[in-house]
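Close look at the chain arrangement
Read off the chains here:
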Amino acid sequence: MRTPGRWWRHKSTPEKVETYTRWSFHFFAVMEFFSVGITSVAPLGARLGSAALLVVAVHAALCFVTVSRAIDWTRGRRPQPTGLMWTLAAVTAAIAAAALGLAELGPDGEDVDTAAGGVFGVILVFGPGIIALGVRDRRRAFAIAGGFAAGAWAVAFALGASVLTALITALIVLIGGVFIAFTAVFSVWLLDAVYELDEARETRARLAVAEERLRFGRDLHDVMGRNLAVIALKSELAVQLAQRGRPEAVAQMVEVQRLAQESQREVREVVRGYREADLASELAGAQGVLAAAGIDCTVGGATAARLPAAVQSALGWVVREAATNVLRHGDARRCAVRLRVLEGRVVLSVENDGVSETGTEPASGPPGSGLAGLRERLAELDGTLDAGPAGRGLFRLTAEIPLPSPPAASGAVPAAVAVRSVSEVTS
């Protein structure tokens, strides 16, 4: 069973902003009902107060539904709720006119005037603001508040209020309506901006993955391009020599066989990641890519310069795969990379807060790719790789690699070293 906290925690940032925006405006409708609907019963009496409570409840319900439909429209999930907005406008105008008429022509009493004035003011402030959610042009949104203020002046003046009183009433309605309308316009703008930023972040992540694929394609072309061209030429030469009955054809085919085997070995090295990778460059590159995707990435600990080249290469691929998986699979906000040289081992940790709902690592690809490929690379150096949750909302991947013993004369790094590398967040 999913708890409310878990439900909120696993929403993306744009979804959280949308939920906050939606329920903020829903709260306006709830506040309207409790602030002027229920409080009007006692001052207006049982009969008149019940009628006021009913009409305020109807208006609050219309506001509640309009908020949901309007926000869905701004996100492109529904058509514009034009009919619902006109209905809300008509109900708002009717209730406001009735409340103003009650204050001017109804039973005498300060309590009656206060209750009717409260209904009038709240209805005319919240109504135009809620309608503004369903309007694309902000000038139209403010014009709606201005129109209701002008209507309030006309109705108040027609019911016998003085010009100054009617003007003050219209000014109060205008200020309140413009404020709520501005809040609605700004909230929709902010919601759209958050969604656009999230889409830009996903685009950056896809571009980072595409760049990695292009880099791999370039490496593969560099390895295979020349060899395949030489194989094609030597094969053609061997065919011509064989057609002429020349014994040199055998030597050419032996050379073709050697080149083919060499190409196979080099391709295997590229695919499995045995080509040298500079750990310092990979750390800097991962930090830059994650920062561009909006993820706060910190790199700390020991320097990689004193590590053997083979260990740097293996850990460089771990960092590269970790950064790629954080971009592709997680919804991380923070990522911490730490390299430690302990007694007999080196520990590289990459930890982030983008753990998936199930708390498990993403499915790894075929052998030679993903986490399975990292395990193969580390196993070649007697290393190991562990991946899994590391606390609430965190994911950690750990790899260990023993380092070769240094020469006796060397006072460098101690003999046995284990490298543990923490990588990858899954969402």
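Quick summary incoming for the structure in this document. As the structure is a computational prediction, the values presented were derived from the model and not from experiment.

Some words on the overall build of the protein chain
In terms of helices and strands, the protein chain carries 11 helices and 6 strands. Per-residue burial for the protein chain yields a buried fraction of 41% across its 427 residues. Of the roughly 22,300 Å² of accessible surface on the protein chain, 62% is carried by carbon and sulfur atoms.

Some points on the pattern of salt bridges
Side-chain pairs of opposite charge can arise where the charged atoms are in close proximity. Under the criterion given, the structure shown has 13 salt bridges. One salt-bridge network, in which partners are shared between bridges, spans Glu18, Arg22, Asp72, Arg77 and Arg78.

Digging into helix H7 (residues 163-243)
The end-to-end C-alpha distance of H7, which contains 81 residues, comes to 113 Å, matching closely the 120 Å that a straight helix rising 1.5 Å per residue would cover. Of all the bends found along H7, the most pronounced is centred on Met224 and spans about 30°.

Structural notes on the pairing of strand E3 (residues 345-352)
Of all the 8 residues making up E3, 6 are buried; the element is thus mostly covered by neighbouring parts of the structure. In the sheet, strand E2 (residues 334-342) pairs with E3 via 8 bridges, with the strands oriented antiparallel. Paired with Val337 across the bridge in E3 is Val350. Counted between consecutive antiparallel strands, the loop separating E2 from E3 contains 2 residues, among which Gly344 sits at a positive phi close to 85°.

Notes on the nonpolar core
Judged by nonpolar contacts, the single largest core of 44 residues is most densely connected at Phe25, Val119, Phe120, Leu124, Ile130 and Leu133. Secondary-structure elements contributing two or more residues to this core are helix H2 (13-37), helix H3 (41-74), helix H4 (82-105), helix H5 (110-132), helix H6 (138-158) and H7. Counting residues in hydrophobic clusters, the runner-up holds 33 residues, among them Val318, Leu371, Ala399 and Ile401.

Here's the deal with the environment of Phe25
Inspection of the secondary structure puts Phe25 in helix H2. When its relative accessible area of 2% is taken as the criterion, Phe25 is described as buried. Each C-alpha atom of the pair Phe25 and Ala184 lies 8.3 Å from the other, and the pair is 159 residues apart in sequence. The residues touching Phe25, leaving out its near neighbours within four places in the chain, are Val67, Ile130, Leu133, Thr183, Ala184 and Ser187.

A closer look at a negative patch on the surface
Among the surface-exposed residues, Glu104, Asp108, Glu110, Asp111 and Asp113 lie close enough to one another that they form a single negatively charged patch. Top contributing element to the negative patch by residue count: H5, with 3 residues. Relative to the helices and strands, Glu110 is located in helix H5. In this structure Glu110 comes out as exposed when scored by relative accessible area, which is 66%.

Parameters at a glance
Residues numbered from 1 in each chain as written. Predicted model: local features only at pLDDT ≥ 70, side-chain atom pairs only at ≥ 80, totals over all residues. Heavy atoms only, no water. Helix = DSSP H or I, 4+ residues; strand = E, 2+ residues; numbered from the N terminus. Buried < 20%, exposed > 50% of the residue type's maximum accessible area, 1.4 Å probe, protein only. Areas by Shrake-Rupley, 256 points an atom, 1.4 Å probe, with all protein chains shown as cover. Salt bridge = Lys/Arg side-chain N within 4 Å of Asp/Glu carboxyl O. Expected span 1.5 Å × (residues − 1). Bend = angle between axes of the 7 residues up to and from the residue. Pairing = 2+ DSSP bridges. Core = buried A, V, L, I, M, F, W, Y, C linked by side-chain atoms within 4.5 Å. Contact = heavy atoms within 4.5 Å. Patch = residues over 30% accessible without salt bridge, like charges linked within 9 Å, V, L, I, M, F, W, Y side chains within 5 Å. Lys, Arg positive; Asp, Glu negative; His and termini not counted. Charge placed at Lys NZ, Arg CZ, Asp CG, Glu CD.

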